[in-house]
Amino acid sequence: MSSKEWPLYEVFIRSKSGLSHRHAGSIHAADDQMALDAARDTYTRRNEGVSIWVVRSSEIVASDPAETAAFFEPAEDKIYRHPTFYDMPEGVENL
Amino acid sequence: MTYDAALLAYVSRLGDNALILGQRMVEVVAAYPELEEELANANFALDYIGQARMFYTYAGELEGKGRSEDDFAFLRDENEFCNCLLIEQPNGHFGDSVTKLVFFDAFYLSLLGALKGCKDARIAEIAARAEKEIRYHLRHNTQWIVRLGDGTAESHARVQGSVDSLWKYTGELFAPDVVDRTFADEYGGPDLEAIHDQWKTDVKTILDEATLTMPEDGWMAMGGKAGRHTEHFGYMIAEMQYLQRRHPGASW
Amino acid sequence: MYTQGLDQQGRPAAKPDALETAEQLAAFQQRVDAEEKIEAKDWMPEAYRRTLIRQMSQHAHSEIIGMQPEGNWLTRAPSLKRKAILLAKIQDEAGHGLYLYSAAETLGVSRDQMVADLLSGKAKYSSIFNYPTLTWADIGAIGWLVDGAAIMNQIPLCRCSYGPYARAMVRICKEESFHQRQGYDILVELCNGTKEQKAMAQDALDRWWWPSLMMFGPSDINSKHSAQSMAWKIKRFSNDELRQKFIDVTVPQAEFLGLRVPDDDLEHDAETGHYRHGEIDWQEFIDVLAGNGPCNQQRMAKRRKAHDDGAWVRDAASAYAAKQAARHAA
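Just so we're clear, the structure is a prediction, and the values are computed from it rather than from any experiment. Residue numbers run consecutively from 1 along every chain, following the written order of its sequence. As they are written, the chains are lettered A onward and the ligands numbered 1 onward, keeping that order. Reporting of local features is limited, given that this is a predicted model, to residues whose pLDDT is at least 70; pairs of side-chain atoms are given and counted only at 80 or more, and all residues count toward the totals for whole chains, interfaces and linings. Calculated side-chain values reflect all of the structure's heavy atoms, with hydrogen atoms and water omitted.

**Details of the overall build of chain A**
Put simply, DSSP marks the helices as runs of H or I at least four residues long and the strands as runs of E at least two long, and each gets a number from the N terminus on. A count of helices and strands for chain A gives two helices and three strands. In chain A, the succession of helices and strands from N to C terminus is β-β-α-β-α. Note that the radius of gyration is over C-alpha atoms, with the globule rule given as 2.2 Å times the number of residues to the power 0.38. Here the C-alpha radius of gyration of chain A, 21 Å, is well above what a compact globule of 95 residues would show, namely 12 Å. For chain A, the C-alpha atoms occupy an extent of roughly 75 × 35 × 15 Å along the three principal directions. Here chain A holds 95 residues, and 26% of them are scored as buried. The criterion used for residue contact is that any of the two residues' heavy atoms lie within 4.5 Å. Within chain A, contacts between residues separated by at least 24 positions form 44% of all contacts whose residues are at least 6 apart in sequence. Carbon and sulfur atoms make up 53% of the accessible area of chain A, which totals about 6800 Å². For the charge count, each Lys or Arg is scored as positive and each Asp or Glu as negative, with His and the chain ends excluded. The location of each charge is read from NZ of Lys, CZ of Arg, CG of Asp or CD of Glu. Considering chain A, the positive charge centre built from 10 side chains and the negative charge centre built from 16 side chains are found 9 Å apart. The classification of residues rests on relative accessible area computed with a 1.4 Å probe and restricted to protein chains. Under 20% of the type maximum is buried, over 50% is exposed, and intermediate values are partly exposed. Each accessible area is a Shrake-Rupley result for a 1.4 Å probe, and residues are judged covered by the shown protein chains and nothing else.

**Focus on the interface of chain B and chain C**
Each side of the interface is counted separately: chain B has 49 residues, and chain C has 46 residues. Throughout, the accessible surface (probe 1.4 Å) given up by two parts as they are put together, summed over both, is called the buried area. A buried area of about 4100 Å², summed over both sides, lies between chain B and chain C, and 67% of it is on carbon and sulfur atoms. Ranking the residues of chain B by area buried against chain C places A30(B), L35(B) and W252(B) at the top, with a combined share of 17%. What counts as a salt bridge is simple: a side-chain nitrogen of Lys or Arg found within 4 Å of a carboxyl oxygen of Asp or Glu. Across the chain B-chain C interface, the total number found is five salt bridges. Among the ionic pairs, R111(C) bridges to E36(B), the shortest N-O distance being 2.5 Å. Two N or O atoms count as a polar contact when they lie within 3.5 Å, although within protein this holds only if one can serve as hydrogen donor and the other as acceptor, and sequence-adjacent residues are included solely when both atoms are side-chain atoms. Linking chain B to chain C there are 18 residue pairs in polar contact (both at pLDDT 80 or more). Mapped by element, the contributors of at least two residues to the side of chain B that touches chain C are α1 (3-27), α2 (35-63), α3 (69-74), α5 (94-115), α6 (121-149), α7 (153-166) and α11 (232-246) of chain B.

**Quick notes on empty space enclosed by the protein**
Any residue with an atom within 4 Å of a point lines the site, the site being either a cavity, points on a 1 Å grid over the protein atoms alone where a 1.4 Å probe fits but cannot get out, or a pocket, an open set with protein on both sides within 12 Å along at least 5 of 7 lines. Grid points are joined across faces, edges and corners, and a volume is the space filled by probe spheres set on the points. Evaluated as defined, the whole model comprises seven cavities of 30 Å³ or more. Within this model, the largest cavity holds a volume of roughly 230 Å³. Lining of the largest cavity is provided by 16 residues; of these, E34(B), L35(B), V115(C), R303(C) and H307(C) occupy positions nearest its centre. Those elements that provide at least two residues to the lining of the largest cavity are α2 of chain B together with α5 (111-120) and α12 (296-309) of chain C. Counting residues per element, the lining of the largest cavity draws most heavily on α5(C), which supplies four residues. Here the term charged refers only to Asp, Glu, Lys and Arg, the term nonpolar to Ala, Val, Leu, Ile, Met, Phe, Trp, Tyr, Cys and Pro, and the term polar to all other amino acids, Gly among them. Residue composition of the lining of the largest cavity, by class: nine nonpolar, one polar and six charged.

**Quick notes on the pattern of salt bridges**
Taken as a whole, this structure holds 48 salt bridges over all chains when the rule is applied. Between K225(B) and D180(B) there is a salt bridge; the shortest N-O distance is 2.8 Å. Placement of K225(B) in the loop between α10 (192-209) and α11 and of D180(B) in helix α9 (residues 178-187) is noted, with a sequence separation of 45 residues between them. Across this residue pair, the class does not change: K225(B) and D180(B) are buried. Among the ionic contacts, a cluster of salt bridges with common partners joins R45(A), R46(A), E48(A), D92(C), R171(C) and E175(C).

**Brief notes about the sheet that holds strand β3 (residues 51-56) of chain A**
Residue and element names in this part refer to chain A. Two strands pair if DSSP finds at least two bridges between them. Sheet architecture is open: three strands sit in the order β2-β1-β3, paired in antiparallel fashion. At either end of the open sheet lies a strand with only one pairing partner, and these are β2 (22-28) and β3. In this sheet, adjacent strand axes meet at a mean angle of 30° when their direction is disregarded. Here strand β1 (residues 8-14) pairs with β3 via six bridges, running antiparallel. Helix axes are fitted to C-alpha atoms over the stretch in contact, other axes to C-alpha atoms as well, and angles between N-to-C directions run from 0 to 180 degrees.

**Thoughts on the nonpolar core**
Counting residues in hydrophobic clusters, the biggest one holds 196 residues, and the most contacted among them are F107(B), I145(B), W136(C), Y162(C) and W209(C). With sequence-adjacent residues up to four places away left out, W209(C) is seen in contact with L145(C), F246(C), I247(C), T250(C), V251(C), V261(C), P262(C) and D263(C). Here, nonpolar core means buried Ala, Val, Leu, Ile, Met, Phe, Trp, Tyr and Cys residues that are tied together by side-chain atoms lying within 4.5 Å of each other.

**Things to note about the packing of aromatic side chains**
Here a Phe, Tyr or Trp ring, Trp counted by its six-membered ring, pairs with any other such ring whose centre lies within 6.5 Å, and the pair is stacked when the planes are under 30 degrees apart, edge-to-face when over 60, and tilted otherwise. In this structure the tally under the stated criterion is 29 aromatic pairs over all chains. Look at Y43(A) and Y99(C): their rings are 5.3 Å apart centre to centre, the planes differ by 20°, and that puts the pair in the stacked class. Residue Y43(A) is found in helix α1 (residues 32-43), and its partner Y99(C) is found in helix α4 (residues 80-105); the two belong to separate chains. The same class applies to Y43(A) as to Y99(C), namely buried. Ring centres of F104(B) and Y108(B) lie 5.0 Å apart, and the angle between their planes is 35°; on these two criteria the pair is classed as tilted.

**Quick notes on the interface of chain A and chain C**
In this assembly, 21 residues from chain A lie in contact with 24 residues from chain C. Carbon and sulfur atoms make up 48% of the surface buried where chain A meets chain C, a total of about 1800 Å² over both sides. Between chain A and chain C we count five salt bridges in total. Taking the shortest distance from any N to any O, the salt bridge between E48(A) and R171(C) comes out at 3.8 Å. One can count 12 residue pairs in polar contact (both at pLDDT 80 or more) joining chain A with chain C. Secondary-structure elements contributing two or more residues to the side of chain A that touches chain C are β2 and α1 of chain A. Of the residues in the side of chain A that touches chain C, the class split is nine nonpolar, five polar and seven charged.

**Examining the packing of helix α7 (residues 163-191) of chain C against helix α8 (residues 195-214) of chain C**
Residues and elements named next belong to chain C. At a closest axis distance of 7 Å, the pairing of α7 and α8 adopts a crossing angle of 140°. Taken together, the axes of α7 and α8 are oblique relative to one another. Along its contact with α7, which presents L187, L190 and C191, the element α8 presents Q197, K198 and A201. Split by residue class, the contact of α7 with α8 holds four nonpolar, one polar and one charged. Orientation labels follow simple angle bins: below 35 degrees gives roughly parallel, above 145 gives roughly antiparallel, 65 to 115 gives roughly perpendicular, and whatever is left gives oblique.

Next comes the structure, spelled out in structure tokens:
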């Protein structure tokens, strides 16, 4: 059997409870369990985490940078979604 | 044997096991099969070296002659080290390392579990800390022995060879000597017979999952606990100790 | 640990790909000039991609090969504390190699390919690791000088225009902050120790000083390649600027140790505030880079052996994973 590269996994770490998991980097592993161990041994050597997610990189669906304009710019002009859009009359509180 | 002497011997032996295993592991740094596994190996070795330091420091305090952790590690002769023969065996290939760690850690984890409840508070405290580390080591290495055993025909044959050749060093782990007995009687130390039964069950389960054959119990090599080692040991200690020996009294 | 010296081999600056339009290139340069980070899937000039792959993989290889000279003293470290610290440092280097390979992989090259290029000799690694570690003091000198030189180089890389590289470097710089200190700490202990220990420290400085200065690479004032890397904000300072900075901070540290920097021409220029140094033997640098250093063959042989010895293990894990997947599917 010829050597085949172990698949790539993306590693996400929750640094402490209450926070979201955040992308830390990636590792190679032959299987899911190995990926978890490798993520632990690589990315939490300095006590950086309380929870780890690993996912095969090939399983991630990503938006296309070439479509960035079409994908994200339409949100830019919906300024009425932000509270600062509205001027409240003087004297009105708790709003 | 006095109770105090047994306690000291027991603690320094725990230190010896941790140090010698850690020392063997650092020999293979930068030679592991994959980068991710390199990081795992270093983590394990750091855990063992850390445990050795805690046990030796305590041994020095028990002895009361002002010896430090480094005096225990670097200024004792071969026959004063009482680690088991299993862990001083040369590294061999990756399957040998994994098998050695599965055999030892399956024993050590049970031992630490029992030591957590012993009457010596300091040992109990170190054991509680070490137990968490070893639980992870055992899990990691168990996965590896299963991958190798149930991987390719080549890996299966190689790791079965490791199991067969290292088996003769497992008996010593469970053969109590006067130190073990005194420690068990006076300090509520582990019952090695019970640990052996548990070990056999655990190892059988692991080897079954790895599609490997558990060897029949036969002749077992003994002597490490009494300071009588295999020939490899002298070289290992000579290498480890040379700077301290060459520059007596120097600080590093 | 990284050196700039690798990029100075007189390679022609990469030519723009024929399919790239002037508009694309200008738009890209505009993003870089605006200090926008370039991300993995963004459009980028082919030459930018190739430059990054080469630099990042060489950087990663340097971390991996760099484990060997220090690993040479792991079994002989003179105290348990030093053994643990050294092991933690070497482990960091494995981790840093891993982060950098991962970051390079975002550019579409596999780690297998990068490793194959290293093992075949096609890819280079930092020449500094082709020097031997002969005494324990060398472990101190590597931390102090080699890591010290690397830090000079790595800190600006945290602002590199390529996002994944910059992020990896932020993590690496943070983790490496103890590396230089532990090296200096070893030397402080030796210099306060016995006569023999101090001699050991001086000998280490004598052997590591010049190779450390070479780590920054030859003067790059006229290098077109370097100019392009500057324009792309992959590189932010010239080799000479960084070398000077390194000398300026390191000489007083040597004085504190009571060690002599092995350069008869070294003198402080009160006017500029910088140290003037003697001529660097660039022939030595060229020789070592060409494979004729004291440890080139040894380092590569060890890496190849580790790779070859591990093949059956990697295959076994792949085979087991395939079996498990088939069992789940059944």
